[in-house]
Amino acid sequence: MGCPSIPAIVLAAVIVLIIGGSFGMYMANLYKTVSAAKAAPPADSDQGKRQLRWGRPGILRRQLAERLGFGGLAIAAALGGAVLWSDLGRIDKALLSLAKADAARLSPGLPEDLEALDAEARSAVEDRLKAFITAGSANPDGRFAVASIYDLHHRLVADSVAPDRVEAADVLSFPRHRAIGGEKAWHTARLVSGQLYLLVATPLYRPDGKQNGWFEGIYHLPRPILSRIVVVELRTTMLVIVAVLATTALLYPVISGLNHGLFTRSQALLQANLGTLEALGSAIAKRDSDTNSHNYRVALIAVRLAEAAGLQRQQVRALIKGAFLHDLGKLAIPDAVLLKPARLDEAEFAVMKTHVAHGLDIVNHLDWLADAADVVGCHHEWYDGSGYPRGLKGEEIPLIARIFSIADVFDALTSRRPYKVPFPLDKAVDLLEQGRGTHFDPRLLDKLLELAPRLYADLAGREDAGLESELHAVTQAYFAETVFG
Ligand SMILES: [Fe+2]
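Residues numbered from 1 in each chain as written. Predicted model: local features only at pLDDT ≥ 70, side-chain atom pairs only at ≥ 80, totals over all residues.

## A word on the pairing of strand E5 (residues 211–221)
No. 1: Taking burial as the measure, the eleven residues of E5 include ten buried ones, the bulk of the element.
No. 2: Across ten bridges, the pairing between strand E4 (residues 195–205) and E5 is antiparallel. The partner of Thr 202 across the bridge, within E5, is Phe 215.
No. 3: Following E4, the chain reverses through five residues before pairing antiparallel with E5; Gly 209 in that reversal takes a positive phi of roughly 95°. (Buried ≥ 20, exposed ≤ 12 C-beta atoms within 10 Å, placed from the backbone. Helix = DSSP H or I, 4+ residues; strand = E, 2+ residues; numbered from the N terminus. Pairing = 2+ DSSP bridges.)

Rendered as structure tokens:
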């Protein structure tokens, strides 16, 4: 197909620019949003708190608008392009038919045999061609500006150019004399000074239906006709695009409303899950004669260490769950063992170790808690492989379990426990160093030691109510995005 390519390229370029620009803006926006989410600020930072209070629902609405807008633009471009292409194909066929019908008017006045013409007969053919060109000049809708006749051996018999063609030089630069052959018509198109020209090659037939030669001509479509076609096509294409975009715009409040309802219910479900998590953590602490404060401090220390170690937010969420639930299995340990004030004997210690398996058994039955399994199952593993229950070594121990392990001991050392007073920071650091490479991952220990002065100043031994609200804010910030997606 030749003709559609010219206006199609112009219109397609406009559409591609519009869509390309919108797509580029969309991608840039999306990249910014995703980058912001990945490089999430620490939850207890001002930015994190602000995002928690105001940012997330706004991001959700913006993402919906962006995705709907992009989808609408893509559909509009696809439909508009399809309509345009289909229409231009139809116009192409119509123009070709017009040119072929015009060319067919030549045949009745031509000799049946174009192969061996004497000078007189050739002159008659030239006159016929010239008359054909001249007669067409009066047609305001289009006419042949150049016409040639060839015999079946592709030899030029006659050639004629309309005398009033000021752009004849450009027009004649068409790749002529190459399309002739076989019995099928052929054409291509070109814009010259804003006017459309079609190079048409079509067989010539004798009255008995046998082919006796070829006609080749350059058909001129005047600017007003071309403009009318372009305007009609533009209007149709734009109507399709506007209709699709309007439909998309109407869909936005509907989907946004549905989303809001879904968001509200999801948020309520999240709060229920987090409440359950905190209640379970509290139940374990009470069963173990421990305090909630220890759980809160360990969770906060672990989160800060995880942030310093560059963990993904999903891993931090699993770590928070694990921090609350790490000793969940102690609910199944008999009081005689769990609460024994003296040192456990070997058999009792074997029973105590089963709290890991009991804990795993519980969390693995609940989808929402399943990602806590790494901490629950491995919080007693040691870096050198001497821990339990599986004796995992080095990086075989899940990263969040290694982080939790350090946080748990740091808090135990720096806070008051039934069997000890809180140690000062330097003594706690010395004791942690003794576990380097045996109990603790050395690289994570380095990270903790960098944070240690700040952690000690902020959290060591704290029992106040502010601790709970601080952890609550951190937890909300990390889990809120599971509702917003
Ligand atoms: Fe434990």
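## Brief notes about the packing of helix H11 (residues 399–414) against helix H12 (residues 425–434)
No. 1: Close contact between H11 and H12 brings their axes to 9 Å; oriented N to C, the two are set at 140°. When the axes of H11 and H12 are compared, the crossing they make is right-handed. The residues of H12 that touch H11, namely those facing Val 409, Phe 410, Leu 413 and Thr 414, are Ala 428, Leu 431 and Leu 432.
No. 2: Here the contact of H11 with H12 is built from residues that sort into six nonpolar, one polar and no charged. (Axes fitted to C-alpha atoms, helices over the stretch in contact; angles between N-to-C directions. Left-handed = near helix turned anticlockwise from the far one by under 90°. Contact = placed C-beta atoms within 7 Å. Nonpolar A, V, L, I, M, F, W, Y, C, P; charged D, E, K, R; others polar.)

## What about unusual backbone geometry?
No. 1: The omega angle of the peptide bond from Tyr 388 to Pro 389 is 10°, so this bond is cis rather than trans.
No. 2: For Pro 389, the position within the fold is in the loop between helix H10 (373–378) and H11.

## Observations concerning the environment of Ala 350
No. 1: Of note, Ala 350 is situated in helix H9 (residues 346–363).
No. 2: Sequence-wise, Ala 350 and Val 337 are 13 residues apart; in three dimensions their C-alpha atoms are separated by 10.0 Å.

## Points about the sheet that holds strand E2 (residues 156–161)
No. 1: The five strands are arranged E2-E1-E5-E4-E3 in an open sheet whose pairing can be described as antiparallel. A strand with exactly one partner marks an edge of an open sheet, and here the two such strands are E2 and strand E3 (186–192). On average, each strand axis in the sheet is tilted by 15° relative to the strand beside it, whichever way the strands run.
No. 2: Looking at chain direction, strand E1 (residues 143–150) and E2 are connected through five bridges and run antiparallel. In the sheet register, Ser 148 faces E2, and the bridge partner there is Asp 159.
No. 3: Helix-sheet contacts for helix H3 (residues 119–136) involve E1 and E2, and the interaxial angle to E2 is about 30°.

## With respect to the nonpolar core
No. 1: The biggest cluster of nonpolar side chains holds 53 residues, and the ones touching the most others in it are Ala 299, Ala 302, Leu 319 and Ile 403.
No. 2: Those elements that place two or more of their residues in this core are helix H5 (223–287), helix H6 (292–308), helix H7 (313–325), H9, H10, H11, helix H13 (442–459) and helix H14 (465–484).
No. 3: The element best represented in this core is H6, accounting for nine residues.
No. 4: Setting aside residues up to four positions removed in sequence, Ile 403 forms contacts with Ala 302, Leu 305, Ala 306, Ala 309, Leu 319 and Leu 444.
No. 5: Among the nonpolar cores identified, the runner-up in size contains 32 residues, and Ala 147, Val 157, Trp 214 and Phe 215 belong to it. (Core = buried A, V, L, I, M, F, W, Y, C linked by C-beta atoms within 7 Å.)

## Thoughts on the packing of H6 against H11
No. 1: The N-to-C vectors of H6 and H11 enclose an angle of 130°; their axes lie 8 Å apart at closest approach. In terms of axis orientation, H6 runs oblique to H11. In the packing of H6 onto H11, the handedness of the crossing is right-handed. Contacts between H6 and H11 pair His 294, Arg 297, Val 298, Ile 301, Ala 302, Leu 305 and Ala 306 from the former with Ile 403, Phe 404, Ile 406, Ala 407, Asp 408, Phe 410 and Asp 411 from the latter.
No. 2: Taken together, the residues of the contact of H6 with H11 sort by class into ten nonpolar, one polar and three charged. (Parallel < 35°, antiparallel > 145°, perpendicular 65-115°, else oblique.)

## Quick notes on the pairing of E3
On any regular strand, side chains alternate: one points to one face of the sheet, the next to the other face.
No. 1: Of the strand pairs in this sheet, E3 and E4 are connected by seven bridges, and their pairing is antiparallel. Paired with Leu 191 across the two strands is Leu 196, which belongs to E4.
No. 2: Taking the residues between adjacent antiparallel strands as the criterion, E3 and E4 are bridged by two residues, where Ser 193 takes a positive phi near 50°.

## Observations concerning the environment of Ala 189
No. 1: Relative to the helices and strands, Ala 189 resides in strand E3.
No. 2: C-alpha of Ala 189 to C-alpha of Val 200: the two residues are eleven residues apart in sequence and 8.7 Å apart in space.

## Some words on the confidence of the model for the protein
Any residue range with low pLDDT should be treated as having predicted coordinates unsuitable for detailed reading.
No. 1: Residues at a pLDDT of 70 or more form 81% of the protein, whose mean pLDDT is 81.
No. 2: Averaged over each element, pLDDT in the protein is lowest for helix H1 (residues 5–38) (54) and highest for H10 (96).
No. 3: Low pLDDT, under 50, characterises residues 1–5; the predicted model gives this stretch 15 contacts beyond four residues in sequence or across chains.
No. 4: Scored below 50 in pLDDT, residues 33–41 shows six contacts in the model against residues more than four places distant or in partner chains. (pLDDT = per-residue confidence, 0-100.)

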